[in-house]
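Reading the structure
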Amino acid sequence: MKPTTAPRTYRVKSFGCQMNVYDGERMAEMLATRGIKPAPEGEEADLVVLNTCHIREKAAEKVYSDIGRLQKADGTKPLIAVAGCVAQAEGEEIMARAPAVSMVVGPQAYHRLPEMLDKAVQGERATDTDMPAIAKFAALPERRKIGPAAFLTVQEGCDKFCTYCVVPYTRGAEISRPYSDLVTEARKLVEAGAREITLLGQNVSAWSGENDRGHRVGLAGLIRDLADLDGLARIRYTTSHPADMDDELIAAHGEIDKLMPFLHLPVQAGSDRVLRAMNRSHTAESYLKLLDRFRAARPDLALSGDFIVGFPGETDAEFEETLRLVDEVGYAQAFSFKYSPRPGTPAASMDGQIAKEVMDERLQRLQAALNRDQLAFNQGTVGRTCEVLVERKGKHPGQWLGKTPWLQSAWFDGDYAIGDLVEVELLEAGPNSLRASVRESALSLA
Ligand code: SAM
Ligand code: SF4
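Residues numbered from 1 in each chain as written. Chains lettered and ligands numbered in written order. Predicted model: local features only at pLDDT ≥ 70, side-chain atom pairs only at ≥ 80, totals over all residues. Heavy atoms only, no water.

Across its full length, the chain holds 13 helices and 21 strands. The C-alpha atoms of the chain give 23 Å as radius of gyration, which agrees with the globular expectation for 446 residues (22 Å, within 12%). Referenced to the eigenvectors of the C-alpha coordinate spread, the extents of the chain come out at roughly 60 × 60 × 50 Å. In the chain, the share of contacts with a sequence separation of at least 24, taken over all contacts with a separation of at least 6, comes to 71%. A total of about 19400 Å² of accessible surface is found on the chain, and carbon and sulfur atoms cover 50% of it. Measuring between centres, the 54 positive side-chain charges of the chain sit 4 Å from its 64 negative side-chain charges. (Helix = DSSP H or I, 4+ residues; strand = E, 2+ residues; numbered from the N terminus. Rg over C-alpha atoms; globule rule 2.2 N^0.38 Å. Contact = heavy atoms within 4.5 Å. Areas by Shrake-Rupley, 256 points an atom, 1.4 Å probe, with all protein chains shown as cover. Lys, Arg positive; Asp, Glu negative; His and termini not counted. Charge placed at Lys NZ, Arg CZ, Asp CG, Glu CD.)

This part is about helix 7 (residues 179–191). Helix length check: helix 7, at 13 residues, gives a terminal C-alpha distance of 18 Å against a target of 18 Å (1.5 Å per residue), a fit within 8%. Within the span of helix 7, buried status applies to Tyr179, Leu182, Val183, Glu185, Ala186, Leu189 and Val190. Axial view of helix 7: buried residues confined to an arc of 165°, hence all on one face. Where helix 7 is buried, its residues meet helix 1 (18–33), strand 7 (149–153), strand 10 (196–200), strand 11 (208–210) and helix 8 (219–226). One or two positions beyond helix 7, positive phi appears at Gly193, with a value near 115°. (Expected span 1.5 Å × (residues − 1). Buried < 20%, exposed > 50% of the residue type's maximum accessible area, 1.4 Å probe, protein only. Arc of directions from axis to C-beta.)

Glancing now at the site of ligand 1. The immediate surroundings of ligand 1 are formed by 15 residues, with Gln202, Pro266, Gln268, Asp306 and Ser340 found nearest. A distance of 2.7 Å separates an oxygen atom of ligand 1 from a polar atom in the side chain of Gln268. Coverage of ligand 1 by the protein chains reaches 90% of its 560 Å² of free accessible surface. Where the shell around ligand 1 is concerned, the elements lending two or more residues are strand 15 (302–309) and strand 16 (333–338). Considered class by class, the residues forming the shell around ligand 1 number 6 nonpolar, 4 polar and 5 charged. (Near = heavy atom within 4 Å. Polar contact = N/O pair within 3.5 Å; in protein donor to acceptor, adjacent residues only side chain to side chain. Nonpolar A, V, L, I, M, F, W, Y, C, P; charged D, E, K, R; others polar.)

Close to ligand 2 lie Cys158, Lys160, Phe161, Cys162, Tyr164, Cys165, Val167, Pro168, Asn203, His241 and Arg280, which account for all nearby residues. Looking at the shell around ligand 2, its residues break down into 7 nonpolar, 2 polar and 2 charged.

Under the defined criterion, the tally for this structure stands at 37 salt bridges. With its nearest N and O atoms 3.7 Å apart, the salt bridge here joins Lys62 to Asp66. Within this pair, Lys62 and its partner Asp66 are both found in helix 2 (residues 59–69), separated by 4 residues, close to a single helical turn. For Lys62, a relative accessible area of 43% corresponds to the partly exposed category. Lys338 is the salt-bridge partner of Asp360, the closest N and O atoms lying 2.7 Å from each other. A residue pair is termed long-range when its members are at least 10 positions apart, and Asp360 in helix 13 (residues 356–380) and Lys338 in strand 16 qualify at 22 residues. Each of Asp23, Lys136, Glu156 and Arg171 takes part in one network of salt bridges that share partners. (Salt bridge = Lys/Arg side-chain N within 4 Å of Asp/Glu carboxyl O.)

All right, on to the sheet that holds strand 13 (residues 234–238) then. If you trace the 3 strands from one edge of the open sheet to the other, you get 7-10-13, paired in parallel fashion. Strand pairing shows two members of the sheet lacking a second neighbour, strand 7 and strand 13, which therefore form its edges. Each neighbouring strand pair of the sheet contributes to a mean axis angle of 25°, computed without reference to strand direction. (Pairing = 2+ DSSP bridges. Axes fitted to C-alpha atoms, helices over the stretch in contact; angles between N-to-C directions.)

Tracing the backbone through its elements, the reader meets Pro148 in the loop between helix 5 (133–139) and strand 7. Accessibility expressed as a relative area gives 9% for Pro148, which makes it buried. When the C-alpha positions of Pro148 and Leu303 are compared, they lie 23 Å apart, and in sequence the two are 155 residues distant. Once residues lying within four places of it in the same chain are set aside, the contact partners of Pro148 are Gly193, Ala194, Arg195, Glu196, Leu389, Val390, Glu391, Ile418 and Gly419.

This part covers the packing of helix 1 against helix 4 (residues 113–121). Two elements in contact, helix 1 and helix 4, have axes whose closest approach is 10 Å; the angle formed by their N-to-C orientations is 55°. Between helix 1 and helix 4, the angle falls in the class oblique. The crossing of helix 1 and helix 4 is right-handed. Between helix 1, through Met27, Met30 and Leu31, and helix 4, the contact on the second element is made entirely by Leu113, Pro114 and Leu117. Classifying every residue of the contact of helix 1 with helix 4 by side-chain character gives 6 nonpolar, no polar and no charged. (Parallel < 35°, antiparallel > 145°, perpendicular 65-115°, else oblique. Left-handed = near helix turned anticlockwise from the far one by under 90°.)

Next up on the list: the confidence of the model for the chain. Mean pLDDT over the chain works out to 93, with 98% of the residues at or above the 70 mark. Per-residue pLDDT stays below 50 along residues 442–446; that stretch engages in 11 contacts with residues further than four places along the chain or on separate chains. (pLDDT = per-residue confidence, 0-100.)

Turning our eyes to something else, we now look at the packing of aromatic side chains. A complete count under the given rule lists 5 aromatic pairs for this structure. When the ring of Phe161 is compared with that of Tyr169, the centres are 5.6 Å apart and the planes differ by 75°; the resulting orientation is edge-to-face. By relative accessible area, which is 39% here, Tyr169 ends up partly exposed. Measuring from ring centre to ring centre gives 5.4 Å for Phe307 and Tyr331, while their planes differ by 90°; the resulting arrangement is edge-to-face. With Phe307 in strand 15 and Tyr331 in the loop between helix 12 (316–329) and strand 16, the pair connects residues that are 24 residues apart, well separated along the chain. An identical accessibility class is assigned to Phe307 and Tyr331; each is buried. Chaining the aromatic ring pairs together yields one cluster made of Tyr164, Phe311 and Tyr339. The ring of Tyr64 carries the charged tip of Arg97 above its face, separated from the ring centre by 3.8 Å. The residue whose ring lies beneath Arg177 is Phe137, and the NZ or CZ to ring-centre distance is 3.8 Å. (Phe/Tyr/Trp six-rings, centres within 6.5 Å; stacked < 30°, edge-to-face > 60°. Lys NZ or Arg CZ within 6 Å of the ring centre and 35° of its normal.)

Listed below in C-alpha cells is the structure:
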C-alpha cells in the first residue's frame, strides 16, 4: 500500500450487539486522543472503522460490500480498519480478499489500533487477532463525555458453547474485569454525565471478582456497590444465561431500588429436545421456574428474551412448544432470529437443516405472538406513574424521549434537558412507545 497522510477525521460503524457499541465508543475515544475528529454528518471520514458482527446471516459478505462502497468526496478510499467478530473469525481472508483494508483488529486487541494506524499511514498493512482481554482495558484511554445512558463492559467471552453460536470462538473464554477497575470506570462515567449504566457481558451474570473488602462477589455484589455511587440513578445488566443466575442476583432485584425492573434472559426455544441439541443447560420448565423466582422478588419485572427458530431438526410440534412458552411468559419485549449456520460450530453440520420457507413462516408466527405480548405489556403499564430518563429530543419542538424503568420508550412535552429524570404518568400505549404526561418537575442535574 502507498503511504498516506495521517487521517484528520474518523467514523466508527458498529454492527450487532451492545458490546460492539461499547467497543466502538472506546475505539472512538482512542482516536480522539490522537487528535482525530469525528467526520461531519454526511461526509466520508479519512479513517473508517467497520466494527463487525458475526452472529448471523452473511456477515462477512456484508463487510466486503461495505468496503467496496466506501469512498471519499475526492474519489479516493479512506483508510479502512475491520474490527469486531468478523475480523477475529476471518482476518487473514479479509486481508487477502480486500486490498483496500489496511487494518484488521479483533475484539480483544483493539487497544493496539493507534499503533496499527501509524503503520497504515506508512503504507503497511497489519492484522492483530490476539486475545489479551485484560491488557486491552488497561491500555484504553479515560472515558469522555457521554450521554445519560452508558454501557460498561464487565465481562467478556463465553464458555457455554451453545452448538449454534460463534461467540466462544470470536470473543474467547469467559473473563471478568477486576472489581476496582469497574468501580473506577463507573465513577468516571457518572462524572462524564451518565445517570444510567448498563453492565455488559456475553454472560454478564457469570461475572465474579474480589471487592475492596477482599471478599469474592458475584454480579449482585458489584451492583450493590455501584448503587452507592452518588449521581448514578439506574443500573441495568445484559445478557444473562439461565445457568448463572444465583439467589443473590434474584434478591438484588427486590432490594436495590437503582436496579431497574427489567431482565433479559434468553431461552432460545421451548422444546427440551431442541434445548439439549443446542447445548443449553436449562429446560423449558427450569427456565419458567427461574422466572417465577425473579417475579416473586420483583413483581413488576419486565421480561425479555432471545429466540431461534428453525434450529436443525426442529419439528412443527417442537416449534409449537416455543409458542406455548411465549404464551406462558408474556414477554415485554424480545429478539427472535432464524437459525443461521455459523461455519465451524457443531450445529452447522447437524442433519435436518430446516428449509428457509419453514423458518420464515415460524419466525412470522413467533414475532406475531411476541408483538402481541409487547403491546399488551405496554398497555398494562398505562395509568402507572414512573420516572423517565430523558435521552433525546423528540420529533416536535418541546418533545422529549426517554426510557421508563421497564425499558419502554416514552415521549412527553415540557421544558427539560437530556439527563433529567422526569416523573410522568403513562397515558397511551403503542407497540413500540408510550405517550406520557409530566407529573412534577424533576430536578435538573444536567
Ligand atoms: N450470550 C447471550 C445468550 O446466551 O443469550 C447472547 C449471545 S448472542 C450475541 C445473542 C443472540 O443471538 C443469542 O441469544 C441467539 O438468540 C442469537 N444467535 C446466536 N447465534 C445464532 C445463530 N447461529 N443463528 C441465529 N441466531 C443466533
Ligand atoms: Fe453464544 Fe450460548 Fe455463549 Fe450466549 S451462552 S454467547 S448463545 S455460546
